[in-house]
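Next come the chains, spelled out residue by residue.
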Amino acid sequence: MRIAGYIEHPKLKITIFQMDNRFTVKFEDGKHEQAYKFRTGEYINSVNDIRRLVDATFMEEAMAEMSRLHRIHQGALQRLQPEEAEDEFDDIL
């Protein structure tokens, strides 16, 4: 697999990889990543085709998925934290 190119984005690192008859587009935000694989064929044959494929709608959905990944990650970390212990002292009235 080799790096075939990049797509500029203000918040994400987007890398296009190429291997044999497949392109992989990887989105990274520092903590999370997602990858989409596309076989070459009738509509996808070059890095420029991939750049056209990753349009505004694709980016909007990828960003929404990145937010979902963040929520899953945060939720898992919160479940891992021990519950707060109850006070050891009686309430004084």
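If you're wondering where the values come from, they're calculated on a predicted model, not measured in any experiment.

Participant: So what exactly am I meant to see when it comes to the overall build of the protein here?
Facilitator: Tallying secondary structure elements over the protein gives two helices and four strands in all. Reading the helices (α) and strands (β) of the protein from amino to carboxyl end gives β-β-β-β-α-α. In terms of overall dimensions, the protein is more spread out than a globule: its C-alpha atoms have a radius of gyration of 21 Å, far above the 12 Å expected for 93 residues. When its C-alpha atoms are laid out on the principal axes, the protein stretches across 75 × 25 × 20 Å. Long-range pairs, those at least 24 residues apart, make up 33% of the contacts in the protein between residues at least 6 apart in sequence. Here the protein has roughly 7600 Å² of accessible surface; of this, 49% comes from carbon and sulfur atoms.

Participant: Explain the packing of aromatic side chains to me, please; I cannot follow it from the model alone.
Facilitator: Any pair of aromatic rings gets described here by the distance separating the centres and the angle formed by the planes. According to the stated counting rule, one finds four aromatic pairs in the structure shown. When the centroid spacing of 5.9 Å and the interplanar angle of 20° are considered together, the rings of F27 and F58 count as stacked. Of this pair, F27 sits in strand β3 (residues 22-28) while F58 sits in helix α2 (residues 56-80), and the two are 31 residues apart along the sequence. Under the relative-accessibility criterion, F27 is labelled buried at 0%. A relative accessible area of 16% means that F58 is categorised as buried. Measuring from ring centre to ring centre gives 5.2 Å for Y36 and F58, while their planes differ by 75°; the resulting arrangement is edge-to-face.

Participant: For this particular structure, what's the right way to read the nonpolar core?
Facilitator: Note on soluble globular proteins: their nonpolar side chains tend to be buried together. Ranked by size, the top nonpolar core spans 16 residues in total, and within it I14, V25, F27, I50 and V54 carry the most contacts. Elements with a minimum of two residues in this core: β2 (13-19), β3, α1 (47-53) and α2. Contacts of I14, omitting those with residues within four sequence positions, involve G5, Y6, I7, H9, V25, K26, F27 and M59.

Participant: Explain the sheet that holds β2 here, please?
Facilitator: Adjacent strands of a sheet pair through backbone hydrogen bonds, lying either parallel or antiparallel. Sheet architecture is open: four strands sit in the order β1-β2-β3-β4, paired in antiparallel fashion. What marks the edges here is a single partner per strand, and that holds for β1 (2-7) and β4 (33-39). Strand-to-strand, the axes of this sheet are offset by a mean angle of 25°, without reference to chain direction. Across the sheet, α2 is in contact with β2, β3 and β4; its angle to β4 comes to roughly 140°.

Participant: What's the story with the pairing of β1 in this structure? I'm lost.
Facilitator: Two faces, one strand: in a regular strand the side chains alternate between the faces of the sheet. As paired elements, β1 and β2 share five bridges and run antiparallel to each other. Residue I3 lies in a different strand from β2, and its bridge partner there is F17. Between β1 and β2, which pair antiparallel one after the other, the connecting turn spans five residues.

Conventions and cut-offs
- Residues numbered from 1 in each chain as written.
- Predicted model: local features only at pLDDT ≥ 70, side-chain atom pairs only at ≥ 80, totals over all residues.
- Heavy atoms only, no water.
- Helix = DSSP H or I, 4+ residues; strand = E, 2+ residues; numbered from the N terminus.
- Rg over C-alpha atoms; globule rule 2.2 N^0.38 Å.
- Contact = heavy atoms within 4.5 Å.
- Areas by Shrake-Rupley, 256 points an atom, 1.4 Å probe, with all protein chains shown as cover.
- Phe/Tyr/Trp six-rings, centres within 6.5 Å; stacked < 30°, edge-to-face > 60°.
- Buried < 20%, exposed > 50% of the residue type's maximum accessible area, 1.4 Å probe, protein only.
- Core = buried A, V, L, I, M, F, W, Y, C linked by side-chain atoms within 4.5 Å.
- Pairing = 2+ DSSP bridges.
- Axes fitted to C-alpha atoms, helices over the stretch in contact; angles between N-to-C directions.

Structural measurements only, silent on function.
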